[in-house]
Amino acid sequence: MGVSPQLPAYTCSKCKKRPAFYNRAYSGEYLCKKCFVKAIYKKTVETIKKYKLINYGERVGVGVSGGKDSLSLLFILSKFLGAERLVSITIDEGIAGYREEAVGFAETVSRRLGVKHVVYTYKQLFGRSMDEVQPLKGDHSSCSICGTFRRRALDIAAEEAGVDVLATAHNLDDLVQSFLIILTNGDLDRLAEANPAVGYSTAFSARKVHPFMAIYERELAIFAMLKRFPMQSVTCPYMNEGIRTEVRNFLNTLEEGHPGIKFELLRSYEGLVERRTFRNGGSCSRCGRPSRGSLCQVCMMMDALDEASRLHGG
Ligand SMILES: [Zn+2]
Ligand SMILES: [Zn+2]
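Residues numbered from 1 in each chain as written. Chains lettered and ligands numbered in written order. Predicted model: local features only at pLDDT ≥ 70, side-chain atom pairs only at ≥ 80, totals over all residues. Heavy atoms only, no water.

K.L.:
Lay out the coordination of the zinc ion (ligand 2) with the relevant residues and their values.
P.N.:
Coordination of the zinc ion (ligand 2) by the protein is provided by Cys 284 (SG), Cys 287 (SG), Cys 296 (SG) and Cys 299 (SG), with metal-donor distances spanning 2.3 Å. If you look at the zinc ion (ligand 2), its four donor atoms make angles of 106 to 114° with each other, and the shape they trace is tetrahedral. Along the chain, the residues that donate to the zinc ion (ligand 2) are spaced as C-x2-C-x8-C-x2-C. In this structure Cys 287 comes out as partly exposed when scored by relative accessible area, which is 33%. (Donors = N, O, S within 2.8 Å, 3.2 Å for Na, K, Ca; no water. Tetrahedral: all angles 85-135°; square planar, octahedral: opposite > 155°, others 65-115°. Buried < 20%, exposed > 50% of the residue type's maximum accessible area, 1.4 Å probe, protein only.)

K.L.:
Tell me about the packing of helix H1 (residues 33-50) against helix H2 (residues 68-81), residues and numbers included.
P.N.:
At their nearest, the axes of H1 and H2 sit 11 Å apart, and the two run at 70° to each other. For the element pair H1 / H2, the angle class is roughly perpendicular. Here H1 runs over H2; the crossing is right-handed. Of the residues in H2, those touching H1 at Ile 40, Tyr 41, Thr 44, Val 45, Ile 48 and Lys 49 are Ile 76, Leu 77, Lys 79 and Phe 80. Classifying every residue of the contact of H1 with H2 gives seven nonpolar, one polar and two charged. (Axes fitted to C-alpha atoms, helices over the stretch in contact; angles between N-to-C directions. Helix = DSSP H or I, 4+ residues; strand = E, 2+ residues; numbered from the N terminus. Parallel < 35°, antiparallel > 145°, perpendicular 65-115°, else oblique. Left-handed = near helix turned anticlockwise from the far one by under 90°. Contact = heavy atoms within 4.5 Å. Nonpolar A, V, L, I, M, F, W, Y, C, P; charged D, E, K, R; others polar.)

K.L.:
Please set out unusual backbone geometry residue by residue, giving values where relevant.
P.N.:
With a phi angle near 50°, Lys 52 is a residue other than glycine that sits in the positive phi range. Within the secondary structure layout, Lys 52 lies in the loop between H1 and strand S3 (60-63). Phi at Arg 228 takes a positive value of approximately 55°, unusual for a residue other than glycine. In this structure, Arg 228 sits in the loop between helix H9 (217-226) and helix H10 (243-257). Judged by its relative accessible area of 72%, Arg 228 falls in the exposed class.

K.L.:
Provide a residue-level description of the coordination of the zinc ion (ligand 1), including the pertinent values.
P.N.:
Distances from the zinc ion (ligand 1) to its protein donors, Cys 12 (SG), Cys 15 (SG), Cys 32 (SG) and Cys 35 (SG), fall within 2.3 Å. What the four donor atoms of the zinc ion (ligand 1) show is an angle range of 100 to 117° at the metal, which sorts the shape as tetrahedral. With relative accessibility at 6%, the residue Cys 35 sits in the buried group.

K.L.:
Any chance you could break down the domain arrangement of the protein for me, citing the residues and the numbers?
P.N.:
Each assigned domain of the protein is listed with its residue range as follows: domain 1 (34-277) and domain 2 (284-314). Taken over C-alpha atoms, the centre of domain 1 sits 25 Å from the centre of domain 2. Listed by partner, the interface residues are 21 residues for domain 1 and 16 residues for domain 2. Regarding the contact of domain 1 and domain 2, the summed buried area is about 1,600 Å², with carbon and sulfur atoms giving 64% of it. Remark: the boundary between domain 1 and domain 2 carries two salt bridges. Arg 289 is paired through a salt bridge with Glu 159; the nearest N and O atoms lie 2.9 Å apart. Where domain 1 packs against domain 2, one counts two residue pairs in polar contact (both at pLDDT 80 or more). Listing elements by their share of the side of domain 1 that touches domain 2, those giving two or more residues are helix H6 (142-161) and helix H8 (189-193). Take the side of domain 1 that touches domain 2: its biggest share by element is eight residues, from H6. (Domains from an automatic or database assignment. Buried area = accessible area lost by both parts, 1.4 Å probe. Salt bridge = Lys/Arg side-chain N within 4 Å of Asp/Glu carboxyl O. Polar contact = N/O pair within 3.5 Å; in protein donor to acceptor, adjacent residues only side chain to side chain.)

As structure tokens, this is what we get:
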């Protein structure tokens with residue numbers, strides 16, 4: 001066992017007073033705790049302004065799962081925009097022993113910030129909780145079913161809340177991972193759905209924006225810790241991220257050797273989206289919502305689950 005070398009004490013590059021606790025490899029800055037918290041707030045506000053994610057007077061729905069990133073987003077937006085312009089939206093997938101804790105965090109933090117909080121369940125919207133979907137899912141992964149339902153649930157919640165914009169806590173890592181995953185499967189229309197720069201909107205739904213798109217997952221974790229947001233103690237029992245875990249590890253290795261490469265990938269993503277004209281899709285023949293085929297993803301998923309349920313029952 002070696003003795004770890006004594007790290008030289010650095011002073012914060014911003015305030016030049018307090019001791020630094022964090023080194024931003026991509027910029028070379030050393031930051032103290034206070035300046036770190038300020039830097040995350042500032043970066044979020046700059047991103048909102050740079051991309052015009054939220055315009056003057058618009059009402060904003062915030063997707064709050066109860067995870068640390070979503071609590072941080074709600075906190076920053078409530079400071080920047082004021083609590084009265086926000087609605088905190090929680091989707092309860094119906095996973096016993098797992099979701100209750102995070103739904104509680106979303107409730108507590110929303111109340112503390114004075115933000116109106118609404119909860120929608122898969123059970124009420126789609127007739128089945130994720131627990132009830134399990135025996136019926138067949139070839140579909142839980143995460144793909146859950147993701148399809150969550151996007152629709154957020155759309156419905158945003159419409160009912162009458163908001164102009166729906167903000168979610170996707171960070172730089174999330175977006176760049178999605179970008180690479182899309183590149184591996186060629187489904188380029190999906191690029192628009194996660195369009196990092198301008199947000200995706202249809203005649204139906206609120207504009208979807210990601211104010212944390214330029215912030216590293218790692219920095220958001222530190223921010224949540226410094227702000228003492230509650231942390232989930234349980235992970236989802238159905239989680240099966242497939243290739244995403246490998247893509248995340250790959251990107252982290254790249255970033256270690258080449259600080260800032262995730263930003264560069266984000267820029268390429270933006271560039272591609274700008275150059276591509278996206279097909280203006282049709283609508284679902286059953287529910288009327290935007291769809292690339294005659295039935296939308298949600299209606300197809302519901303059919304598959306109903307079919308599996310009939311087979312199960314009979
Ligand atoms: Zn400082
Ligand atoms: Zn449909």
